[in-house]
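# What the coordinates show
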Amino acid sequence: IAHFQPKHLAGKHVLLTAGPTFEAIDPVRGITNLSSGRMGFAIARAARAAGAAVTLVCGPVALPTPAGITRINVVSALEMHAKVMECLHAQGADVFIGVAAVADYRPATPAEHKIKKEDGAPPPIELVRNPDILAEVAALPNPPLCVGFAAESQKLAEYAERKRRSKKIPLIVGNLIQEGFGGDNNAVTLFDETGATALPPGSKAELAHTLIERIAKLLEKPEKP
Ligand code: C5P
């Protein structure tokens, strides 16, 4: 299909994050989540098919790298944050899409050695906040067009719109976890300043193309005064 795609994003650089992050507790254990990376990879493919140069910063996922895409593998949220900032500094980006399910918290000090089972009280794990990559990118002086994802298990519209406003981004893609996480299909709703638009449910590849078309339209819009 790619050959017949209009090249809406020719000459543009799209930077995106995908997959989960893994936050070490000790050398063999950590905190992670069930994000498969499939939605992010589908969007990377769709952006490439639309003619963009694509950089994909991804957490631990077992997915092949789509053709023509620059892939940067990371493990933790801190590494993901560092690579995204490094890439923006080095190359800049026209669009940033945060598709990764970034861990909100990480263990404050990962143990140097494997934690041993002891009698008595279980060991406590002290958590600290991870940086919010998307919010930080959106707050840059000359930010790329920022797009976020909100995976929720309930009250999708309320939480997604709240996230869009608090992160100060023009577009957020909301989905119910029950409908998307890990699978090949997804049902998503777009939230922007005009309100909510549910996209027809489809494969992650189809949804990715629709989303990329929407993003290309937003890029064309003249800047607001
Ligand atoms: O705040 P929450 O994690 O629910 O927001 C989800 C959106 O923010 C996603 O687009 C995700 O990629 C991004 N995010 C991020 N860095 C974080 C947490 C979330 O970029 N630390």
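Residues numbered from 1 in each chain as written. Predicted model: local features only at pLDDT ≥ 70, side-chain atom pairs only at ≥ 80, totals over all residues.

With an unreviewed UniProt entry as reference, the protein chain is termed Coenzyme A biosynthesis bifunctional protein CoaBC, source organism Dentiradicibacter hellwigii.

To continue, consider the overall build of the protein chain. Helices and strands together make up the secondary structure of the protein chain, namely six helices and 14 strands. In terms of C-alpha radius of gyration, the protein chain reaches 18 Å, essentially the compact-globule figure of 17 Å for 225 residues. Reported as C-alpha extents along the three principal axes, the dimensions of the protein chain are approximately 65 × 40 × 35 Å. Buried positions account for 38% of the 225 residues belonging to the protein chain. (Helix = DSSP H or I, 4+ residues; strand = E, 2+ residues; numbered from the N terminus. Rg over C-alpha atoms; globule rule 2.2 N^0.38 Å. Buried ≥ 20, exposed ≤ 12 C-beta atoms within 10 Å, placed from the backbone.)

Glancing now at the environment of Ala101. Mapped onto the elements of the fold, Ala101 is located in the loop between β6 (95-98) and β7 (105-107). Overall, Ala101 belongs to the buried group, with 24 C-beta atoms counted inside 10 Å. Along the sequence, Ala101 and Ser36 sit 65 residues apart, while their C-alpha atoms lie 9.3 Å from each other.

The subject of this paragraph is the nonpolar core. Residues Val14, Leu16, Ile43, Ala47 and Ile212 are the most contacted members of the largest nonpolar core, which totals 56 residues. Here this core gets eight residues from one element, more than from any other, and that element is helix α1 (residues 38-49). In contact with Ile43, not counting residues within four places along its chain, are Leu16, Ile97, Val99, Ala208, Leu211 and Ile212. (Core = buried A, V, L, I, M, F, W, Y, C linked by C-beta atoms within 7 Å. Contact = placed C-beta atoms within 7 Å.)

A separate point is the pairing of strand β1 (residues 13-18). Across the six residues that make up β1, a large majority, six, are buried. By the bridge criterion, six bridges tie β1 to strand β4 (residues 53-58) in an arrangement that is parallel. Bridge pairing links Val14 to Val54 in β4. Looking at chain direction, β1 and β6 are connected through four bridges and run parallel. In the sheet register, Thr17 faces β6, and the bridge partner there is Gly98. (Pairing = 2+ DSSP bridges.)

Before going further, it helps to spend a moment on the sheet that holds β6. The strand order across the open sheet built from eight strands is β5-β4-β1-β6-β9-β10-β12-β13, with neighbouring strands paired in mixed fashion. Either end of the sheet is taken by a strand with one partner, and the two such strands are β5 (70-73) and β13 (195-198). Mean inter-strand twist for the sheet, computed between neighbouring axes without regard to direction, equals 20°. Bridge count for strand β12 (residues 188-192) against β13 is four bridges, and the pairing is antiparallel. Paired with Phe191 across the bridge in β13 is Ala196. Contacts between α1 and the sheet are confined to β1, β4 and β6, with β1 contributing the most and set at about 170° to the helix. Contacts from helix α2 (residues 77-91) reach β1, β4 and β5 within the one sheet, and its direction differs from that of β1 by about 175°. (Axes fitted to C-alpha atoms, helices over the stretch in contact; angles between N-to-C directions.)

The local shell around the ligand holds 15 residues, among which Gly98, Val102, Ile133, Leu134 and Gly148 are the closest. At the level of elements, α3 (133-138) and β9 (145-152) are the ones that each hand at least two residues to the shell around the ligand. Per-element accounting of the shell around the ligand gives the leading share, three residues, to β9. Its residues placed into classes, the shell around the ligand shows nine nonpolar, four polar and two charged. (Near = placed C-beta within 6 Å. Nonpolar A, V, L, I, M, F, W, Y, C, P; charged D, E, K, R; others polar.)

The terminal C-alpha atoms of helix α6 (residues 204-220) lie 24 Å apart, and with 17 residues this matches the ideal 24 Å at 1.5 Å per residue to within 8%. Residues of α6 that are buried include every one of Lys204, Leu207, Ala208, His209, Leu211, Ile212, Ile215 and Ala216, and no others. (Expected span 1.5 Å × (residues − 1).)

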